[in-house]
Amino acid sequence: MVAESIAQQLISTSELNHYFTADEITAFSCFLELRNIQADSTLMAVGEPADCLMFVLEGSIRILADNTQISSIGIGGCFGESMFSDEGTRTANVLAIEKSLVAIFTLEDYSLFIAQNASLALKFKSYFIAIKARHDNQTHGLLFKDDKKYLALIAHNEMKKS
């Protein structure tokens, strides 16, 4: 699959076409590398360096945090946008649900993109930062753990008859 066919698939299946022109998506697609992923493979793990992001071209992906599925991503979806976060590390595990094909965009690709077309590269960076913020808002509170011990509940539980 060459850059133009990757671009056509991204234009037809992803939300990129709502924010970028076909020419801009085609220019971005020149920096993507394809990778086949086997079912049940781990693509990213919590704590790893966030050095790439990926678009799903075939198959589907599962996003897990604390062993809880927080998202499922199908064709046209992207993940790994923490590449542009201040933390610079992965915040979730990413697993292939089935055999998949992904297009990968690395930090090295971003560096080349900046050198060739800085304004467009920065526009894509802003988009991915916004996507990360949207994903964070969607999962906010989902993984909240309240470790406080509430006196009334403790007293209530202590008073229960066994």
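Our subject is the structure listed above.
The rules behind each value
Residues numbered from 1 in each chain as written. Predicted model: local features only at pLDDT ≥ 70, side-chain atom pairs only at ≥ 80, totals over all residues. Heavy atoms only, no water. Buried < 20%, exposed > 50% of the residue type's maximum accessible area, 1.4 Å probe, protein only. Helix = DSSP H or I, 4+ residues; strand = E, 2+ residues; numbered from the N terminus. Arc of directions from axis to C-beta. Contact = heavy atoms within 4.5 Å. Polar contact = N/O pair within 3.5 Å; in protein donor to acceptor, adjacent residues only side chain to side chain. Core = buried A, V, L, I, M, F, W, Y, C linked by side-chain atoms within 4.5 Å. Lys, Arg positive; Asp, Glu negative; His and termini not counted. Salt bridge = Lys/Arg side-chain N within 4 Å of Asp/Glu carboxyl O.

## Thoughts on helix 2 (residues 22-29)
Listed in full, the buried residues belonging to helix 2 are Glu24, Ile25, Phe28 and Ser29. Angular distribution of buried residues about the axis of helix 2 spans 140 degrees; they occupy a single face of the element.

## Side note on the environment of Ala103
Residue position: Ala103 is located in strand 8 (residues 100-106). For the pair Ala103 and Leu10, spaced 93 residues apart in sequence, the C-alpha to C-alpha distance is 9.8 Å. Excluding its chain neighbours within four sequence positions, the residues that come into contact with Ala103 are Leu32, Glu33, Leu34, Leu53, Met54, Phe55 and Leu57.

## Observations regarding the environment of Arg90
Position of Arg90 among the secondary structure elements: in the loop between strand 6 (78-79) and strand 7 (93-96). The class of Arg90 is buried, set by a relative accessible area of 4%. Distance in space between the C-alpha atoms of Arg90 and Ala50 is 5.3 Å, their sequence separation being 40 residues. Arg90 has contacts with Met44, Ala45, Val46, Gly47, Glu48, Pro49, Ala50, Asp51, Cys52, Gly80, Ser82 and Met83, leaving out every residue within four places of it along the chain. Polar side-chain contacts of Arg90 include one of 2.6 Å to the backbone oxygen of Cys52. Looking at Arg90, its side chain comes within polar contact range of the main-chain oxygen of Gly80, at 3.3 Å.

## Here's the deal with the nonpolar core
The biggest cluster of nonpolar side chains holds 27 residues, and the ones touching the most others in it are Phe55, Phe105 and Phe128. A total of 6 residues in this core trace back to one element, the largest contributor, which is helix 4 (residues 118-139). Setting aside chain neighbours within four positions, we find Phe128 in contact with Phe28, Leu53, Phe55, Cys78, Glu81 and Phe84. Counting 15 residues, the second largest nonpolar core, distinct from the first, contains Val56, Ile61, Val94 and Ile104.

## A closer look at the side chain of Glu81
Mapping Glu81 onto the fold places it in the loop between strand 6 and strand 7. As a buried residue without a salt bridge, Glu81 has its nearest oppositely charged side chain in Lys132, at a separation of 5.8 Å. Ignoring anything within four residues of it in the chain, the contact list for Glu81 reads Leu53, Phe128, Ile131, Lys132 and His135.

## A short note on helix 3 (residues 107-116)
Among all positions of helix 3, only Asp109, Tyr110 and Phe113 are buried. The arc enclosing the buried residues of helix 3, seen along the axis, measures out at 100 degrees, which places them on a common side. Exposed residues pointing more than 90 degrees away from the buried face of helix 3 are listed as Glu108 and Ala115.

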